[in-house]
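Fold and geometry: a report
Listed here are the chains, written in short residue letters.
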Amino acid sequence: MIVRSADAEVIGRAPTTIRLLADGSSTGGALSTQRVTLSGGADGAKPHRHANSAELFYLLDGTAQLLSGDQVVTAEQGDLVIVPPGLAHAFAAAPGEDADILIVITPGVERFEYFRHLERVAYGKVPPESLLEVQELYDTYFLTSNAWEEAR
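Below: a short report on this structure. These numbers come from a predicted model, not from an experiment. (Residues numbered from 1 in each chain as written. Predicted model: local features only at pLDDT ≥ 70, side-chain atom pairs only at ≥ 80, totals over all residues. Heavy atoms only, no water.)

1. Regarding helix α1 (residues 112-122)
- Among all positions in α1, only Phe112, Tyr114, Phe115, His117 and Val121 are buried.
- Buried residues along α1 sit against β1 (9-13), β2 (16-22), β3 (32-38) and β10 (141-142).
- Once α1 ends, the next one or two residues include Gly124, with phi positive near 75°. (Buried < 20%, exposed > 50% of the residue type's maximum accessible area, 1.4 Å probe, protein only. Helix = DSSP H or I, 4+ residues; strand = E, 2+ residues; numbered from the N terminus. Contact = heavy atoms within 4.5 Å.)

2. Brief notes about the packing of aromatic side chains
- Applying the stated criterion to the full structure yields three aromatic pairs.
- Ring centres 5.4 Å apart and planes at 70° place the aromatic pair Tyr114 and Phe115 in the edge-to-face group. Each member of the pair, Tyr114 together with Phe115, is buried.
- When the centroid spacing of 5.5 Å and the interplanar angle of 55° are considered together, the rings of Tyr114 and Tyr138 count as tilted. With Tyr114 in helix α1 and Tyr138 in the loop between α1 and β10, this residue pair connects regions lying 24 residues apart in the sequence. One exposure class covers both Tyr114 and Tyr138, and it is buried.
- Through a chain of ring-to-ring contacts, the aromatic side chains of Tyr114, Phe115 and Tyr138 assemble into a single cluster. (Phe/Tyr/Trp six-rings, centres within 6.5 Å; stacked < 30°, edge-to-face > 60°.)

Here it is in structure tokens:
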């Protein structure tokens, strides 16, 4: 499988842009992957967990904050953070910084429609509560995290 940058669907606009690269259906369920570009300390994902998938974050450029369990870590260009299934996590560009992150979820689940749903929420087309109705479908369960709130 080859995904050319010019062919990737782009969701959102600065300060948060998501490039949809490969979904579970296109990889035989092996993985799903996207590239998230955050500018000026922008938030990526709020605290959540995946029951069945691990999530890998590779910092292509910049500086990011990542929640892993109860720990908030700062990752820089070239750093890799892997969060196992079931563990709370979140990510954002570090305050005042930019971050370009390659994210891989394995095994892969259908994620493209989840990101399209997030875009509809961001643009006010559907209420944020609508995400609660699709948590199981996308294996994304939202949580609260005092450690993340304090860091952000």
